[in-house]
Number of protein chains: 2
Amino acid sequence: MEEKEIHTEEKILNAAREVFIEKGMAGARMQEIADKAGINKSLLHYYFRSKEKLFSFIFSKLIGKIGSRIGELMEESVSIEEKLKGFVDMYIDLLLNNPYLPNFIFNEITRNPDGLLQNFHSANINPREYMEPLQKQLSKEGYTILPHDFIINILSMVIFPVAARPIIERLVFEGNKDEYKQYILSRKESIVKYVMGAMEVYKQK
Amino acid sequence: MEEKEIHTEEKILNAAREVFIEKGMAGARMQEIADKAGINKSLLHYYFRSKEKLFSFIFSKLIGKIGSRIGELMEESVSIEEKLKGFVDMYIDLLLNNPYLPNFIFNEITRNPDGLLQNFHSANINPREYMEPLQKQLSKEGYTILPHDFIINILSMVIFPVAARPIIERLVFEGNKDEYKQYILSRKESIVKYVMGAMEVYKQK
DNA sequence: TTTTACATTAACCATTTGGTTAAAACAAAC
DNA sequence: GTTTGTTTTAACCAAATGGTTAATGTAAAA
């Protein structure tokens, strides 16, 4: 009984995550989630009262998962280049396993940015806290680039190619999914090389 | 009569563009479009038979507008750095005036990528054609970076910060819209500097 | 074995939503 | 002024959708 409850709840959450991420909040249908979970639609409302509640639940869990990884990385005491390497590595893996994630988050960013920040907060993610230490480490290693510029450029180059996957896949790799995946994996190295190269311009001598 | 027809059609298109771009295809409501255009909902169906048709019409017009600008730029015979400058300049202006555009296009990329490519084609935009000349110019100027890497990294850094605007605005600039705008404008220069710096790594000597 | 409490479902409901229809308004043609 | 063709609207419709309810299953407690 207790076991079964957990089982169905899990089934619902898995199905809902897939549907929400793929179709977004507005495009998702409760019926589709129920079907995918192999249960009656009423059960959705039995476990999570409304679509909005179900969505919030999944969304905040997702944010927590993503955010916690950043925290760990930021606190390691290694060089900027090592941190960069770890960050890019981890995020590209995460995104390859969740290709619809960027789009999903972009949607939520426009639909309800304050709710997203609220979720950050609830998940104990406070990006502002990372800024000052990052700033210090950057200047200690001789880079004058602003920390938010540093972060935004990296996030851009990691996230965009996954958000635009269907187009890049078709346009650059003639629809070959495997070549696309290899390309994204290859960016683990090339982005680091690219960023460190660009940073030389900002190096004070 | 003829004038009035054009007038209402224009009103519909403007309203529809706004709503579609802000809410996406799934989130947009015909009633909201009608209200925003100040007309009866039936008129929408009188001018454009269905939501899908109205959406397609607006979408392809948008794509055409964006795409034609790239074509012009690519054909100018100036240095890579100059082309880069022109590209970044033009796109940042376009995006500042249409902040919801990236999200809108990302949605369509996942919802119907082939329709998007179809639209590219209809608008006489063929990105593959630009690849070879770009490749040649890059190597002539001594850069070994792959042309699609070159383009993807630039698009990333131009588009991402606008797509993530509400978050960046709140997190980095404490909600100050003007500071955010100034930051994006400042990226016109900083992205060029950044990219050209990174390209040094790829320069063959 | 009966009771109890929770899990699950089928049948329904109210609202929303894209879309249709038939009538009214309007402007030009005769 | 009447006819004709087009634009606009109010009223309506069917399907979809989030959500409710009441009945049924089911497993543990008594």
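Rules behind the numbers
- Residues numbered from 1 in each chain as written.
- Chains lettered and ligands numbered in written order.
- Predicted model: local features only at pLDDT ≥ 70, side-chain atom pairs only at ≥ 80, totals over all residues.
- Heavy atoms only, no water.
- 1 Å grid on protein atoms, 1.4 Å probe; cavity = no way out; pocket = protein on both sides within 12 Å on 5 of 7 lines; lining within 4 Å.
- Points joined across faces, edges and corners; volume = space filled by probe spheres on them.
- Helix = DSSP H or I, 4+ residues; strand = E, 2+ residues; numbered from the N terminus.
- Nonpolar A, V, L, I, M, F, W, Y, C, P; charged D, E, K, R; others polar.
- Salt bridge = Lys/Arg side-chain N within 4 Å of Asp/Glu carboxyl O.
- Buried < 20%, exposed > 50% of the residue type's maximum accessible area, 1.4 Å probe, protein only.
- Domains from an automatic or database assignment.
- Contact = heavy atoms within 4.5 Å.
- Buried area = accessible area lost by both parts, 1.4 Å probe.
- Polar contact = N/O pair within 3.5 Å; in protein donor to acceptor, adjacent residues only side chain to side chain.
- Phe/Tyr/Trp six-rings, centres within 6.5 Å; stacked < 30°, edge-to-face > 60°.
- Lys NZ or Arg CZ within 6 Å of the ring centre and 35° of its normal.
- Core = buried A, V, L, I, M, F, W, Y, C linked by side-chain atoms within 4.5 Å.
- Least-squares fit on C-alpha atoms with pLDDT ≥ 70 in both.
- Expected span 1.5 Å × (residues − 1).

A. Broad picture of empty space enclosed by the protein. Evaluation of the coordinates by the stated rule reveals four cavities of 30 Å³ or more. In this model, the largest cavity occupies a volume close to 890 Å³. What lines the largest cavity is a set of 38 residues, among which Ile70, Tyr91, Phe120, Ile151 and Leu155 of chain A lie closest to the centre. Only helix H4 (51-75), helix H5 (80-97), helix H6 (101-111), helix H7 (113-122), helix H8 (127-140) and helix H9 (147-163) of chain A together with helix H10 (165-173) of chain B provide two or more residues apiece to the lining of the largest cavity. Its residues assigned to classes, the lining of the largest cavity shows 35 nonpolar, two polar and one charged. Put simply, the second largest cavity is a space of about 40 Å³. Element by element, the count of residues in the lining of the second largest cavity is highest for helix H4 (residues 51-75) of chain B, at three residues. Residues that form the lining of the second largest cavity fall into these classes: four nonpolar, one polar and one charged.

B. Region of the structure containing the pattern of salt bridges. In this structure the tally under the stated criterion is 22 salt bridges over all chains. Between Lys188 of chain A and Asp89 of chain A there is a salt bridge, and its shortest N-O distance comes to 3.8 Å. With Lys188 of chain A in helix H11 (residues 177-201) and Asp89 of chain A in helix H5, the pair connects residues that are 99 residues apart, well separated along the chain. Residue classification places Asp89 of chain A among the partly exposed residues on the basis of a relative accessible area of 35%. Its salt-bridge partner being Arg187 of chain B, residue Asp149 of chain A comes within 3.2 Å of it at the nearest N-O pair. Taken together, the residues span two chains, with Asp149 of chain A in helix H9 and Arg187 of chain B in helix H11 (residues 177-201). The buried category is assigned to Asp149 of chain A, whose relative accessible area is 10%. Among the ionic contacts, a cluster of salt bridges with common partners joins Glu52, Glu108 and Arg111 of chain A.

C. Here's a closer look at the domain arrangement of chain A. All names here are of chain A. Each domain of chain A was delimited in the assignment, giving domain 1 (1-49) and domain 2 (60-201). Facing six residues of domain 1, the contacting portion of domain 2 comprises six residues. It is Ile21, Glu22 and Met25 in domain 1 that bury the most area against domain 2; as a group they hold 70% of the surface buried on that side. Taken together, the connections running from domain 1 to domain 2 amount to zero salt bridges. At the junction of domain 1 with domain 2, the criterion picks out zero residue pairs in polar contact (both at pLDDT 80 or more). Its residues assigned to classes, the side of domain 1 that touches domain 2 shows four nonpolar, no polar and two charged.

D. Expanded view of the interface of chain B and chain A. Listed as interface residues are 45 residues of chain B and, on the opposing side, 45 residues of chain A. Both faces combined, the contact of chain B with chain A buries some 4500 Å², and carbon together with sulfur accounts for 70% of it. It is Phe106, Phe160 and Tyr194 of chain B in chain B that bury the most area against chain A; as a group they hold 16% of the surface buried on that side. Inspection of the region where chain B meets chain A yields six salt bridges. Summed over the shared surface of chain B and chain A, the result is 17 residue pairs in polar contact (both at pLDDT 80 or more). Taken together, the elements giving at least two residues each to the side of chain B that touches chain A come down to helix H1 (2-27), helix H6 (101-111), helix H7 (113-122), helix H8 (127-140), helix H9 (147-163), H10 and H11 of chain B. Here the side of chain B that touches chain A takes eleven residues from H9 of chain B, the largest share from any one element.

E. The environment of Asn14 of chain A, seen in detail. Residue and element names in this part refer to chain A. Position of Asn14 relative to the elements: it lies in helix H1 (residues 2-27). With a relative accessible area of 34%, Asn14 lands in the partly exposed category. Sequence spacing of Asn14 and Phe150 is 136 residues, and the spatial spacing of their C-alpha atoms is 35 Å. Polar contacts involving the side chain of Asn14 include one to the side chain of Arg17, which spans 2.7 Å.

F. Molecular detail of the packing of aromatic side chains. Applying the stated criterion across every chain, the model contains 21 aromatic pairs over all chains. Over the ring of Phe55 of chain A we find Arg111 of chain A, and its NZ or CZ is 5.1 Å from the ring centre. In this structure, Lys193 of chain B packs its charged tip against the face of Tyr202 of chain A, placed 4.3 Å from the ring centre.

G. Quick look at the nonpolar core. Formed by 141 residues in total, the largest nonpolar core has its most connected members in Phe20 of chain A together with Phe20 and Leu54 of chain B. What Phe20 of chain B contacts, discounting residues up to four positions off in sequence, is Met25, Ala28, Ile33, Lys51, Leu54, Phe55, Ile58 and Phe104 of chain B.

H. Summary view of the relation of the copies chain B and chain A. Structural alignment of chain B on chain A gives an RMSD of 0.0 Å, achieved by rotating through 180° and translating 0.0 Å along the axis. Taken together, the rotation angle and the small translation identify this as a two-fold axis. The position closest to the rotation axis in chain B is occupied by the C-alpha of Ala198 of chain B, lying 2.0 Å away. A shared interface surface links the copies, since 100% of the contact residues of chain B are contact residues in chain A too.

I. Molecular detail of unusual backbone geometry. Residue and element names in this part refer to chain A. Phi angles above zero are rare outside glycine, and Asn124 is one such case at about 65°. Checked against the element boundaries, Asn124 lands in the loop between H7 and H8. We note that Glu174 has phi near 50°; this positive angle belongs to a residue other than glycine. Along the chain, Glu174 falls in the loop between helix H10 (165-173) and H11.

J. Here's a closer look at H8 of chain A. All names here are of chain A. Helix length check: H8 (14 residues) gives 20 Å between terminal C-alpha atoms against 20 Å at 1.5 Å per residue, within 8%. Inspection of H8 places Tyr130, Leu134, Gln137 and Leu138 among the buried residues, and these make up the whole buried set. Tucked into the core, H8 has its buried residues touching H4, H5, H9 and H11. At the exit of H8 stands Gly142, carrying a positive phi of roughly 95°.

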